[in-house]
Amino acid sequence: MSVQSPISSVNDFVVRFANVNGSGSASANELFARSILRHGVPVSPRNIFPSNIQGLPTWYEVRVTEDGHLGARGGVDMMVAMNPQTWDKDVASIEPGGYLFYDSTKPMPTSKFRADINVIGVPLTAITNSTYTDPRQRQLFKNIIYLGALCALLDMDPKLVEQLIGEQYKGKEKLLSSNVHALHLGRDWALQNLKCPIGLQVKKSDKVGDRIFIEGNSAAALGAVYGGATVCAWYPITPSSSVAEAFTSHCKKLRHDPETGKAKYAIVQGEDELASIGIVIGASWNGARAFTATSGPGISLMTEFIGLSYFAEIPAVIMNIQRAGPSTGMPTRTQQCDIIACAYASHGDTKHVLLFPEDPAEAFEFAAQSFDLADRLQTMIFLMLDLDIGMNHRLCRPLKWDDARQYDRGKVMTAEMLDEPGRDFGRYLDVDGDGIPYRTYPGTHPTKGSFFTRGTSRDRYARYSEEGAVYADNMQRLVRKFETAQDMVPRPLQANAAKPTKYGVIYFGSTAPAMDEAIGLLESRGHQLDRMRIRAFPFHSSVASFIADHDFVYVVEQNRDAQLRQLIVNENGIDPVRLVPILHYDGTPITARFIANAIGDHQDHLKVTPLRKAVS
Amino acid sequence: MTYIAKPKFHHPGLPKNELGYTHRDYEGKISTLCAGCGHDSITASIIEACYELSIEPHRVAKISGIGCSSKTPDYFLGNSHGFNSVHGRMPSVLTGANLANRDLIYLGVSGDGDSASIGFGQFAHSIRRAVNMTYIVENNGVYGLTKGQFSATADRGSKSKKGVMNTDNAIDLVAIALQLGASFVARSFSGDKSQLVPLIAAAIRHKGASFIDVISPCIAFNNHAGSTKSFDYVREHNDAVNRLDVLTGRDPITVDYAPGTVQMVEQHDGTRLALRKIDADYDANDRLAAMTFLQKHAAKGQVVTGLLYVDPDSEDLHTHLDTVETPLNTLEARDLCPGTAALEKINASLR
Ligand SMILES: Cc1ncc(C[n+]2csc(CCOP(=O)(O)OP(=O)(O)O)c2C)c(N)n1
Ligand code: SF4
């Protein structure tokens, strides 16, 4: 048995809380993360929770990261093991030299510990039971008591935690003082009975700046408010429900007419996803900005309507908060696995615009922008989030808005325009050569501009026609429109390695923070990589040039079948050999370590194997 | 050529309604349905009702699903926007459209296959949400467009054209609409224009979910002996509960009515319906009685037509959601966007 020195680190470690779902630990754990933020030290927390309500294990991981790495790191430096059910697995996941924090009320056999870790026992149940009689209080305050003990162990400033509790229970004095009391119970016990602080410590810093701490779903919902969405129809599904719930609460605060108190929005919980997207399409057809939020199974149900939106050219926005599929898959685990399903959703030849925000700030911006895009392109826009961004708090730049910004409603012909002499209105006429026709809202003009919207083939004047040439003409215009979209959607962002390199990496969405960190890890292994973060489909022409400029390009994604890579190969006619898939799909968020290892190993391999000359 | 425009010629002598529109202004394209299809008669009744109500044709949004019946919106109100959506999902599209602009009139046209099978859920939920609309089912007991399969409204024991006996129970959409809280429920027959026109007009005037089930024989697949949706069958088994006229609020009338003969129905928008009751005991304001009445006659194999139920105090989805009076689709950034000051506050609360 090797003697392992305890891990010693200031402001750079991972604490994982293992709890039982329904034990009320979530708010104490979140308080822990926020307290560290108040020390000026960035954190990156993640919920790992089961798809049931009560009883099953749940974990909350807080990465304390002075360097600001917001992706998951992997590994655990300190385990707060509050769930007997997962004890063995939890103990096994601790890094050598790491710490195990547990409730020592009942003695544990030594076989339940590891020799290479540091065990810290606090008799939490005993302390709680001697203070509280009510069983619910016992359960809830136990969480605050362990938070107090952690404060002492990690040398955190209790004032900052108290301040947060004060903000949380503002106006509820009784709750406030009982929580502060519990905090000190734990802290005092630790100070008196344990060696405090341990090797892991939180020291005040100034690395948080003006950044905000917000969940992607809430930010996207706020983007919908700012982007002018007035109709939201949705059907509950994890991990997207909180988008609609956040939209509702944002609207309640921000969208009532000050004089009448009436709502400047309409939110309907549909009977299913078919109805939800139907409502969205009906509202958008009639000139309102509308959206739904869903996840994979919902997308499957919506595909018939998505095809209608594409073919009949009706704007709509779907926020897809991806989870692990197929079928019900792992409903509470994250993946980026609906790329192909969304890009080509529905039968026949279809293509849809996808946006891939990397964090809540971009989710806000892209959500707002998606309504302009939908109106301008008169088509479905998919905002592709995933559980990792959607349901976790993420540190990100403050949300920004330009008050001068007007909504771009796209090509809408008004009654005055219809009355202009010589004006010809054909719903599907390509007047400007960009593939985007003009539309009119119902009720615009007594005699001009009305048309029949249908999913069946029609001519440029919206008249039903099954003539081959007419159909093909329309389908070609839709391709033209999709090409136009290339220059309207957010462009990819590119960053070059410190030294010239033959290798590149493409990634997108929630992989971004792990990728940023992985680049550093790879550099320390001697691998230089240029990188490109794709932010939308259709792909901008710079994607093809980036691939052409490199011998090999790694495509990092969180799904089994390399879906983004497939899309790039398919849409840009690229030799698949040039794109090396780096795939992570066990439902946990991708980590910098994983990326660096996978790419690093491949790169090392390239050095020893005679390289096949890549033909570009 | 699959599309036939109607000639635009307007006879100068055509009678005009209050707004100066003639019948022609309420017509659409020439029907491509089978000559004699019941659906075309319903089209004619819709045209008539809109003409009589002096509706501005372009202020109507006509929305349908898929099926022969769902094609009909193309054949009336040529100056209004139409939407032939997907099979069975007209109600959700209409609901969304209605949310976007509460000021238009929403006509939903559907078939029995469309509404009682694939779209049964959407039918039910649009009714229970009290969407302000006139929901017309052109009910022929078969799938017309896909050539004659039974629909879910086909009566048990009825025979298909090919001689197959239907062994499934029928769904009575009127009974369901009553149960779900529709505030206007009626049934009529495509061939009975004098009954259907005022019913449609009253439904349009009604605020809330109006549902009219119109028996509309499919002459191609469901007009044979053995069908319970054929012309002959319906004529023989029709039991009309009442006759009604619609009088707009602009021309109020006083009716000298004796209890048991005429019943006035005050509509939410101020218009009044005069019901000429055939059945002296029938009270169209009593939902429970309507349900019993319907079931009693159904047990006797009778088709009850007429206005079965109307709620004079009805509300609609916009009332329930407490939305602003201004149509949502006209709100601009200045009305909707909370601006940077609000965003700064939100940012501050997230630190
Ligand atoms: C998803 C889907 N399934 C099946 C069809 C085929 N389909 C078209 S119309 C129709 C039935 C129409 O029957 P009904 O609504 O009663 O109208 P009718 O033609 O009798 O007026 C069917 C099944 C379709 N268009 N879409
Ligand atoms: S098939 Fe039947 S329902 Fe369809 S148009 Fe012909 S008669 Fe009408």
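Residues numbered from 1 in each chain as written. Chains lettered and ligands numbered in written order. Predicted model: local features only at pLDDT ≥ 70, side-chain atom pairs only at ≥ 80, totals over all residues. Heavy atoms only, no water.

### Some details on the packing of helix α9 (residues 273-285) of chain A against helix α10 (residues 296-312) of chain A
Residues and elements named next belong to chain A. Rules: Helix axes are fitted only over the stretch in contact, all axes being lines through C-alpha atoms; the angle between N-to-C directions runs from 0 to 180 degrees. Note on conventions: DSSP H or I runs of at least 4 residues are helices, E runs of at least 2 residues are strands, and numbering of each starts at the N terminus. Working definition: roughly parallel below 35 degrees, roughly antiparallel above 145 degrees, roughly perpendicular at 65 to 115 degrees, and oblique for all remaining angles. Helix crossings fall into two classes, left-handed where the near helix is turned counterclockwise from the far one by less than a right angle and right-handed where it is turned clockwise. In this analysis, two residues are considered to be in contact whenever any of their non-hydrogen atoms come within 4.5 Å of each other.
Remark: α9 packs on α10, axes separated minimally by 8 Å, with the N-to-C direction vectors making an angle of 30°. On the basis of the axis angle, α9 is roughly parallel to α10. Taken as a pair, α9 and α10 cross one another with a handedness that is right-handed. From α9, E273, L274, I277, G278 and I281 reach across to α10, where they touch G298, L301, M302, F305, L308 and S309.

### A few points about the site of ligand 1
How we decide: Throughout, near means a residue has at least one heavy atom within 4 Å of the molecule or strand. Each polar contact in these results corresponds to two N or O atoms within 3.5 Å; when the atoms are within protein, one needs to be able to donate a hydrogen and the other to accept it, and residues that are neighboring in sequence are counted only if both atoms are side-chain atoms. Surface exposure here means Shrake-Rupley accessible area, sampled with a 1.4 Å probe, where a residue is shielded only by the protein chains that are shown. Each residue is assigned to one of three groups, with Ala, Val, Leu, Ile, Met, Phe, Trp, Tyr, Cys and Pro labelled nonpolar, Asp, Glu, Lys and Arg labelled charged, and all others, Gly among them, labelled polar.
Around ligand 1, the surrounding shell holds 18 residues, and the nearest of these are C68, S69, G113, D114 and G144 of chain B. What surrounds ligand 1 is not a single chain but chains A and B. N140 of chain B is positioned with one of its side-chain polar atoms (N or O) 3.1 Å from an oxygen atom of ligand 1. When the free accessible area of ligand 1 is taken as 590 Å², the share hidden by the protein chains comes to 77%. Ranked by the residues each element gives to the shell around ligand 1, the list is headed by helix α4 (residues 112-118) of chain B, at 4 residues. A per-class count over the shell around ligand 1 returns 6 nonpolar, 9 polar and 3 charged.

### Re the sheet that holds strand β14 (residues 353-355) of chain A
Residues and elements named next belong to chain A. Note the threshold: Two strands qualify as a pair provided that DSSP identifies no fewer than 2 bridges between them.
Within the open sheet, the 7 strands sit side by side as β11-β10-β12-β13-β15-β14-β21. Their pairing is mixed. Unpaired on one side and paired on the other, β11 (266-269) and β21 (536-537) mark the two borders of the sheet. As judged from the 4 bridges shared by strand β12 (residues 290-294) and strand β13 (residues 316-322), these two strands associate in the parallel manner. Residue pairing across strands places A293 opposite M319, the latter belonging to β13.

### What to know about helix α9 (residues 287-299) of chain B
Residues and elements named next belong to chain B. Applicable threshold: The length a helix should cover is 1.5 Å for every residue beyond the first. Accessible area is worked out with a 1.4 Å probe on protein chains only. A residue is then buried under 20% of its type maximum, exposed over 50%, and partly exposed in between. The arc in question is the one spanned by the directions pointing from the helix axis to the C-beta atoms.
Here α9 contains 13 residues, and its C-alpha end-to-end distance of 19 Å stays within 8% of the 18 Å for a straight helix at 1.5 Å per residue. Taken as a whole, α9 has its buried residues at A290, F293, L294 and H297. Down the axis of α9, the sector holding all buried residues measures 100°, keeping them to one side. Of the exposed residues in α9, those oriented more than 90 degrees away from the buried face are L288, K296 and A299. Residues of α9 that are buried in the fold lie against α6 (173-180), β7 (184-189), β9 (238-240) and β13 (303-310). Its side-chain oxygen at 3.1 Å from the backbone nitrogen of L288, D286 defines the N-terminal cap of α9. G301 sits one or two residues past α9 and shows a positive phi near 75°.

### A few points about the pattern of salt bridges
Residue and element names in this part refer to chain A. Filter applied, for reference: One side-chain nitrogen of Lys or Arg within 4 Å of one carboxyl oxygen of Asp or Glu is enough to make a salt bridge.
Tallied over the full model, the rule gives 49 salt bridges over all chains. With its nearest N and O atoms 3.0 Å apart, the salt bridge here joins E30 to R34. Highlighted residues: E30 and R34, both in helix α1 (residues 25-38), separated by 4 residues, approximately one helical turn. Across the pair E313 and R477 runs a salt bridge, and its minimum N-O distance is 2.6 Å. You can see E313 sitting in the loop between α10 and β13 and its partner R477 sitting in helix α15 (residues 468-486), a full 164 residues away along the chain. Taken as a pair, E313 and R477 share a single burial class, namely buried. Connected through salt bridges with shared partners, the residues R289, D372, D375, R405, R409 and R439 form a single ionic network.

### Focus: the interface of chain A and chain B
What counts is decided by this rule: The term buried area means the drop in 1.4 Å probe accessible area that two parts suffer when joined, counted for both and summed.
Each side of the interface is counted separately: chain A has 70 residues, and chain B has 57 residues. Overall, the association of chain A and chain B removes approximately 5400 Å² of surface from exposure, summing both partners, and the carbon and sulfur fraction of that is 60%. For D74 of chain B, the salt bridge identified is with R454 of chain A, shortest N-O distance 2.9 Å. Taken together, chain A and chain B are joined by 26 residue pairs in polar contact (both at pLDDT 80 or more). Elements that contribute at least two residues to the side of chain A that touches chain B include exactly β9 (212-215), α7 (216-226), β11, α9, α10 and β17 (452-454) of chain A. Looking at which element gives the most residues to the side of chain A that touches chain B, the answer is α9 of chain A, with 8 residues. Residue composition of the side of chain A that touches chain B, grouped by class: 34 nonpolar, 20 polar and 16 charged. In this structure, β17 of chain A lies alongside strand β2 (residues 81-84) of chain B, joined through 3 bridges in parallel fashion. If you follow F452 of chain A over to β2 of chain B, its bridge partner there is G82 of chain B.

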